[in-house]
Amino acid sequence: MKVYVHVPFCHSKCAYCDFYSTPRRELMESYVECVAREWRQSTPAPVPDTIYLGGGTPSSLPLPLLDRLIASIPAPEPLREFTIEANPEDVTPEWVRHIVKHTAIDRVSMGIQTFDDASLRFIGRRHTARRAVEAVNILREGGITNLSCDLIYGLPGQSLDGWKANLDRLIAMRPEHISAYLLSYEPRTRLGVMLSKGKVEEASDTLAEQMYAYLCRATREAGYEHYEISNFALPGRRAVHNSSYWDGSDYIGLGPGAHSMSGGVRWHNPSDLRAYIDRGGCDTRVIEEEDSMNLFNDMLITSLRTSAGLDPTRIPDEFAESFRSNSAPLLSAGLLAASPEGRLRIPEEKWLTSDAILLKLIEV
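Report on the accompanying structure.

**A few points about the pairing of strand S6 (residues 177–182)**
Turning to step 1, where the next piece is worked out: Where strand S5 (residues 147–153) meets S6, six bridges bridge the pair, whose relative direction is parallel. Across the sheet, the residue bridging to Ser 148 is His 177, located in S6.
Turning to step 2, where the next piece is worked out: A crossover connection joins S5 to the parallel S6 through helix H6 (residues 160–173); in handedness this β-α-β unit is right-handed.
Turning to step 3, where the next piece is worked out: Where S6 meets strand S8 (residues 231–233), three bridges bridge the pair, whose relative direction is antiparallel. Its bridge partner lying in S8, Ser 179 is registered against Asn 231.

So, in structure tokens, the structure goes:
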């Protein structure tokens, strides 16, 4: 069972971020206690094989509270993977020494986003490019051998050359895993509001496609496998936990704003830390009603995000005929491709515009 823990605390809100977070550090201790209660109410208690501490900013938790949070989820050792998300400004030699020596964490996912200081300030990041490089060095010197780093492309004012310089700099550091996302302007974010008021411009389709093409080429030449739209890994270093979201595995989410899927049932906790604490972390789940059509569409969308693609034998009989009819012209046009094993995939060069392909396949 994969376990995700949403740690909803951030020092400040980034201009692009639509994830649930709060700066209310005074609620951290109560939050940790409630996560422990939420886990204990899981019956029967799942046995984790991966744990992912996401957020928010899990690295913002004081180390004694981080230890208590981890201790609240009994797990066998070694886990297949134990990830914590971190921001560069939180990465100190003392922090790394602690997680290496006193926890089972063996993977760090760090949000760099860009090495351009002006862009970092504009999007509300608290670190500088120099601090990001220092953080990578500290993690390596402290014994972290499984490092994932995030970048964003299509930032306001970013040129193709600027993006190339960012990616080349990260690749030269040789993190085991790279996540690279095209900037999405979510309506409730500061950048989303600025876009609606004409204060920033979205990257053109042509520029985004050029950036994506360079991303694919540069990572491939550096030995990374492009295994999901936004994710690249050195051989044997794919994200074990995150892959569960794309291959249909069950996972449990803890904390406010966390989502879960188990036994074909999906649920989530409302994004409200105060309400979560008031209820002691218990009985907060909101079941998401899904019929067979929703489940089929979920499988379709998640499978076709990956290089593995869709196994046609997983398609329910009630949708098999319409899928064959809908997919035939896409296969003819080269928008879908069949692997030697018979799996169906969206070609890598089409992933950036995969939404338009998926719209022709989903059931409505």
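**Concerning the packing of helix H1 (residues 28–40) against helix H2 (residues 63–71)**
Turning to step 1, where the next piece is worked out: Axis separation between H1 and H2 bottoms out at 9 Å; the angle between their running directions is 10°. The orientation of H1 relative to H2 falls into the category roughly parallel. Within the contact between the two elements, H1 uses Met 28, Glu 29, Tyr 31, Val 32, Glu 33 and Val 35 and H2 uses Leu 65, Arg 68 and Leu 69.
Turning to step 2, where the next piece is worked out: In the contact of H1 with H2, the residues fall into six nonpolar, no polar and three charged.

**What to know about the packing of aromatic side chains**
Turning to step 1, where the next piece is worked out: Following the criterion strictly, the structure yields six aromatic pairs and no others.
Turning to step 2, where the next piece is worked out: Here the aromatic rings of Tyr 153 and Trp 163 are separated by 5.0 Å at their centres, their planes lie at 35°, and the arrangement is tilted. Of the two residues, Tyr 153 sits in strand S5 while Trp 163 sits in helix H6, which places them 10 residues apart along the sequence.
Turning to step 3, where the next piece is worked out: Judged by its relative accessible area of 3%, Tyr 153 falls in the buried class.

**Observations concerning the layout of surface pockets**
Turning to step 1, where the next piece is worked out: One number sums up the size of the second largest pocket: a volume of about 250 Å³.
Turning to step 2, where the next piece is worked out: The wall of the second largest pocket is formed by Gly 154, Leu 182, Leu 183, Ser 184, Tyr 185, Glu 202, Ala 203, Asp 205, Ala 208, Glu 209, Leu 352 and Thr 353.
Turning to step 3, where the next piece is worked out: Its residues placed into classes, the lining of the second largest pocket shows six nonpolar, three polar and three charged.

**Topic: the nonpolar core**
Turning to step 1, where the next piece is worked out: Of all hydrophobic cores here, the largest spans 86 residues; its most connected members are Val 5 and Tyr 31.
Turning to step 2, where the next piece is worked out: A total of seven residues in this core trace back to one element, the largest contributor, which is helix H8 (residues 205–221).
Turning to step 3, where the next piece is worked out: In this structure, Val 5 is in contact with Tyr 31, Val 35, Tyr 52, Leu 53, Gly 54, Leu 69, Ile 73 and Leu 254, ignoring residues within four places of it in sequence.
Turning to step 4, where the next piece is worked out: Counting 12 residues, the second largest nonpolar core, distinct from the first, contains Cys 14, Cys 17, Leu 155 and Leu 191.

**Description of unusual backbone geometry**
Turning to step 1, where the next piece is worked out: With omega at 20°, the peptide bond leading from Gly 55 into Gly 56 counts as cis.
Turning to step 2, where the next piece is worked out: Inspection of the secondary structure puts Gly 56 in the loop between strand S2 (50–55) and H2.
Turning to step 3, where the next piece is worked out: Of note, the amide linkage connecting Glu 77 to Pro 78 takes the cis form, showing an omega dihedral of -5°.
Turning to step 4, where the next piece is worked out: Checked against the element boundaries, Pro 78 lands in the loop between H2 and strand S3 (81–86).
Turning to step 5, where the next piece is worked out: Look at Arg 174: it is not a glycine, yet its phi comes out positive at around 55°.
Turning to step 6, where the next piece is worked out: Topologically, Arg 174 is positioned in the loop between H6 and S6.
Turning to step 7, where the next piece is worked out: Here Arg 174 falls in the partly exposed class, since its relative accessible area comes to 35%.

So, how was this worked out
- Residues numbered from 1 in each chain as written.
- Predicted model: local features only at pLDDT ≥ 70, side-chain atom pairs only at ≥ 80, totals over all residues.
- Heavy atoms only, no water.
- Pairing = 2+ DSSP bridges.
- Helix = DSSP H or I, 4+ residues; strand = E, 2+ residues; numbered from the N terminus.
- Right-handed = clockwise from strand over helix to strand, strands pointing away.
- Axes fitted to C-alpha atoms, helices over the stretch in contact; angles between N-to-C directions.
- Parallel < 35°, antiparallel > 145°, perpendicular 65-115°, else oblique.
- Contact = heavy atoms within 4.5 Å.
- Nonpolar A, V, L, I, M, F, W, Y, C, P; charged D, E, K, R; others polar.
- Phe/Tyr/Trp six-rings, centres within 6.5 Å; stacked < 30°, edge-to-face > 60°.
- Buried < 20%, exposed > 50% of the residue type's maximum accessible area, 1.4 Å probe, protein only.
- 1 Å grid on protein atoms, 1.4 Å probe; cavity = no way out; pocket = protein on both sides within 12 Å on 5 of 7 lines; lining within 4 Å.
- Points joined across faces, edges and corners; volume = space filled by probe spheres on them.
- Core = buried A, V, L, I, M, F, W, Y, C linked by side-chain atoms within 4.5 Å.

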